[in-house]
Amino acid sequence: MFSEKKIIKLAKLKQKTIVFPEAGYSDRIVEAGYLLNKKRIAKVIFLGDESSLVLRYKDKLKGITIINPKTSTLFDELLNIFLEKRKNKGLDKKQAEKLLLNPLYFGTLLVEAGYADGMVAGAEEPSANVIRPALQILKSKNEKEIVSSFMMFYGKGKVFKKRNVILGSDCGLNVNPSAEELSQIAIQTAKSYELFTDKKAKIAMLSYSTNGSSTGDSVDKVKTATALVKRKKFDVYGEVQLDSAISKRVSDIKCPSWSLDGEANVLVFPDLNSGNITYKAIQYFGKIKAIGPIMQNLKKPVNDLSRGCSVRDIILVSAITALQV
């Protein structure tokens with residue numbers, strides 16, 4: 001069963017090292033890193049100018065490693081790794097040196113080189129700036145599949161009484177996935193759900209149509225994706241509207257022959273528009289916790305934050321990152 005306390009407890013047992021590239025310009029990141037270190041949830045690396053950080057936060061830095069990309073003795077080692085990774089893309093040394101001074105690239109390379117186990121960023125930077133270095137340097141675990149992301153939804157109310165937590169994807173990365181890519185996103189998210197909850201995933205492939213009630217290119221895409229997921233022996237339903245996915249009463253009316261029963265715990269959106277808008281609506285209108293986006297299918301974990309994240313959100317995403325290692 002998912003709970004914040006369980007995630008944090010499991011992260012404490014792992015004692016992984018998380019790098020925070022935005023520490024030099026984010027009070028929230030520094031506060032979260034301080035608490036992660038103080039409560040021994042994870043080991044912490046801050047990137048930034050040490051003098052500046054000490055001047056502003058000297059009481060919160062004990063036990064935290066601070067690395068300045070501009071003066072680090074690791075610079076040449078990371079530069080060589082970077083050049084090797086991107087040699088087929090025409091990256092020259094001058095371009096690489098310039099990019100390596102960017103803490104997001106430097107932090108990602110710390111993960112690639114093994115000096116950190118994972119990276120968390122996005123409190124101040126747009127998602128694209130966080131994700132781009134991860135895709136260029138770490139790349140995908142399974143090269144035949146796309147990298148995707150999911151959000152964790154949990155809170156009070158009858159929707160969560162049985163499920164405890166719902167994962168929604170893709171809410172942060174893939175703009176308009178094909179049917180094949182959508183099936184990959186569904187399977188990746190189902191596996192993530194089972195990893196974090198020890199429960200079987202029940203997947204709803206969302207649409208504006210339920211079981212043929214409407215037509216359109218998007219509906220066809222979702223139908224095809226559902227069939228592909230079924231071939232992999234997952235418990236999946238689609239195409240289906242959100243109300244049928246989470247309400248037994250509606251599910252019994254709209255798709256009575258299915259065993260969905262309004263009990264989906266993995267919601268797969270047909271595109272980024274619907275996923276991103278829905279997760280923010282759930283978060284702000286429904287007073288439900290929405291943690292993420294959590295990245296999937298990277299060789300090593302790098303996770304993005306919403307720029308509206310709280311310190312608590314950063315701590316939880318960091319703990320989840322530790323569990324993905």
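> If you had to explain the environment of Ile-187 to someone new, which residues and values would you point to?
Its place among the elements puts Ile-187 in helix α9 (residues 179–197). In the structure, Ile-187 is positioned 64 residues away from Ala-123 in sequence and 28 Å away in space, judged by C-alpha atoms.

> Lay out unusual backbone geometry in plain terms, naming residues and giving numbers.
The peptide bond linking Ser-169 to Asp-170 adopts the cis configuration, its omega dihedral lying at -10°. Between Gly-292 and the following residue, Pro-293, the backbone shows a cis peptide bond with an omega angle of 5°. The residue Gln-15 is not glycine, and still its phi comes out positive at about 50°. Along the chain, the position of Gln-15 falls in the loop between α1 (4–14) and β1 (17–20). In this structure, Arg-40 is a non-glycine residue whose phi angle is positive, near 55°. Mapped onto the elements of the fold, Arg-40 is located in the loop between α2 (27–38) and β2 (43–47).

> Break down the sheet that holds strand β3 (residues 65–67) for me, citing the residues and quoting the values.
If you walk across this open sheet you meet the 5 strands as β3-β2-β1-β4-β11, and the pairing is parallel. Pairing within the sheet leaves two strands with one partner each, and these edge strands are β3 and β11 (302–304). Taken pair by pair, the neighbouring strands of this sheet meet at an average axis angle of 25°, ignoring direction. As defined by bridge partners, strand β4 (residues 118–121) adjoins β11 across 3 bridges and the pair is classed as parallel. Bridging across to β11, Ala-121 finds its partner in Asp-304.

> Go over the pattern of salt bridges with me, naming the residues and quoting the values.
Following the criterion strictly, the structure yields 11 salt bridges and no others. For the salt bridge of Lys-6 with Asp-198, the shortest nitrogen-to-oxygen distance reads 3.7 Å. Separated by 192 residues along the polypeptide, Lys-6 in helix α1 and Asp-198 in the loop between α9 and β7 (203–206) bring together distant segments of the chain. One salt bridge connects Glu-112 with Lys-85, and the closest N-O pair in it is separated by 3.4 Å. Separated by 27 residues along the polypeptide, Glu-112 in helix α6 (residues 103–113) and Lys-85 in helix α4 (residues 75–85) bring together distant segments of the chain. Residues joined by salt bridges that share partners form a network here, namely Lys-248, Asp-252 and Asp-261.

> Give a description of empty space enclosed by the protein that names residues and reports values.
Per the counting criterion, the structure on display carries 1 cavity of 30 Å³ or more. The space that makes up the largest cavity amounts to roughly 50 Å³. For the largest cavity, the full set of lining residues is Met-151, Gln-283, Ala-290, Ile-291, Gly-292, Leu-305, Ser-306, Cys-309, Asp-313 and Val-317. Put simply, the parts of the chain that give the lining of the largest cavity at least two residues each are β10 (289–296) and α14 (311–324). Counting residues per element, the lining of the largest cavity draws most heavily on β10, at 3 residues. Taken together, the residues of the lining of the largest cavity break down into 6 nonpolar, 3 polar and 1 charged.

> If you had to explain the nonpolar core to someone new, which residues and values would you point to?
A general feature of soluble globular proteins is that nonpolar side chains tend to end up buried together. Formed by 59 residues in total, the largest nonpolar core has its most connected members in Phe-20, Phe-46, Met-152, Ile-203 and Met-205. The residues touching Phe-46, leaving out its near neighbours within four places in the chain, are Phe-20, Ala-23, Ile-29, Val-30, Gly-33, Tyr-34, Leu-53, Leu-61, Ile-64, Thr-65, Ile-66 and Ile-67. Formed by 31 residues, the second largest nonpolar core is a distinct cluster that contains Leu-78, Val-130, Ile-131 and Leu-298.

> I'd like a rundown of the side chain of Glu-22, residues and numbers included.
As for its position among the elements, Glu-22 is in the loop between β1 and α2. Lacking a salt bridge, the buried Glu-22 has Arg-28 as its closest oppositely charged neighbour, with an N-O distance of 7.2 Å. Within the local environment of Glu-22, its side chain forms a polar contact with the backbone nitrogen of Ala-123, the two atoms lying 3.1 Å apart.

> Outline the layout of surface pockets, supporting the account with residue identities and numerical values.
Of the volumes computed, that of the largest pocket is approximately 450 Å³. In terms of lining, the largest pocket is formed by 21 residues, of which the most central are Lys-141, Ser-192, Gln-296, Asn-297 and Leu-298. In terms of residue class, the lining of the largest pocket is made up of 8 nonpolar, 7 polar and 6 charged. As a volume, the second largest pocket reaches approximately 380 Å³. In this structure, the second largest pocket is lined by 14 residues; those nearest its centre are Lys-158, Val-159, Arg-163, Ile-246 and Gly-262.

> Can you explain the packing of aromatic side chains? Please cite residues and give values.
Taken as a whole and judged by the stated rule, the model has 4 aromatic pairs. Geometrically, the ring pair formed by Phe-82 and Tyr-105 is tilted, given 5.6 Å between the ring centres and 40° between the ring planes. You can see Phe-82 sitting in helix α4 and its partner Tyr-105 sitting in helix α6, a full 23 residues away along the chain. Assessed through its relative accessible area of 0%, Phe-82 is described here as buried.

> Would you mind going over the packing of α1 against α14 in detail, with residue names and values included?
Put simply, α1 and α14 touch, their axes get as near as 8 Å, and they point 50° apart. One element, α1, and the other, α14, form an angle in the oblique class. Judged by the sense of rotation from one axis to the other, the crossing of α1 with α14 is left-handed. Touching Glu-4, Ile-7, Ile-8, Leu-10, Ala-11 and Lys-14 of α1 are Arg-312, Ile-315, Leu-316, Ala-319, Ile-320, Ala-322 and Leu-323, all from α14. Residue composition of the contact of α1 with α14, by class: 10 nonpolar, no polar and 3 charged.

Basis of the calculations
- For every chain, the first residue of the written sequence is number 1, and numbering continues from 1 along that sequence.
- Selection of residues for local features in this predicted model requires a pLDDT of at least 70, selection of side-chain atom pairs for listing and counting requires 80 or more, and totals for whole chains, interfaces and linings are taken over all residues.
- The basis for the side-chain values is all heavy atoms of the structure; hydrogens and waters are excluded.
- Helix and strand labels come from DSSP, where a helix needs a run of H or I of at least four residues and a strand needs a run of E of at least two; each type is numbered from the N terminus.
- Strand pairing requires that DSSP identify at least two bridges connecting the strands.
- Fitting a line to C-alpha atoms yields each axis, with helices limited to the stretch in contact; the angle taken between N-to-C directions then spans 0 to 180 degrees.
- Basic side-chain nitrogens of Lys or Arg form a salt bridge, by our definition, when they fall within 4 Å of a carboxyl oxygen of Asp or Glu.
- Here a cavity means grid points, on a 1 Å grid over the protein atoms only, where a 1.4 Å probe fits yet cannot get out; a pocket means an open set of points with protein on both sides within 12 Å along at least five of seven lines; lining residues are those with an atom within 4 Å of a point.
- Grid points are joined across faces, edges and corners, and a volume is the space filled by probe spheres set on the points.
- Residues are sorted three ways: Asp, Glu, Lys and Arg are charged, Ala, Val, Leu, Ile, Met, Phe, Trp, Tyr, Cys and Pro are nonpolar, and all the rest, Gly among them, are polar.
- Here, the term nonpolar core denotes a set of buried Ala, Val, Leu, Ile, Met, Phe, Trp, Tyr and Cys residues that are joined through side-chain atoms within 4.5 Å.
- Each residue gets one of three labels from its accessible area relative to the maximum for its type: buried under 20%, exposed over 50%, partly exposed in between, using a 1.4 Å probe on protein chains only.
- We call two residues contacting when some pair of their heavy atoms lies within 4.5 Å.
- Residues scored as positive are Lys and Arg, those scored as negative are Asp and Glu, and His as well as the terminal groups of each chain are ignored.
- Side-chain atoms alone can form a polar contact between residues adjacent in sequence; in general such a contact is a pair of N or O atoms within 3.5 Å, and within protein one must be able to donate a hydrogen while the other accepts it.
- For this analysis, a ring pair means two rings from Phe, Tyr or Trp (six-membered ring only for Trp) whose centres lie within 6.5 Å, classed as stacked if their planes differ by under 30 degrees, edge-to-face if by over 60, and tilted for the remaining angles.
- With respect to orientation, any angle under 35 degrees is reported as roughly parallel, any angle over 145 as roughly antiparallel, any angle of 65 to 115 as roughly perpendicular, and every other angle as oblique.
- Here a crossing is called left-handed whenever its near helix is offset anticlockwise from the far helix by less than a right angle, and right-handed whenever the offset is clockwise.

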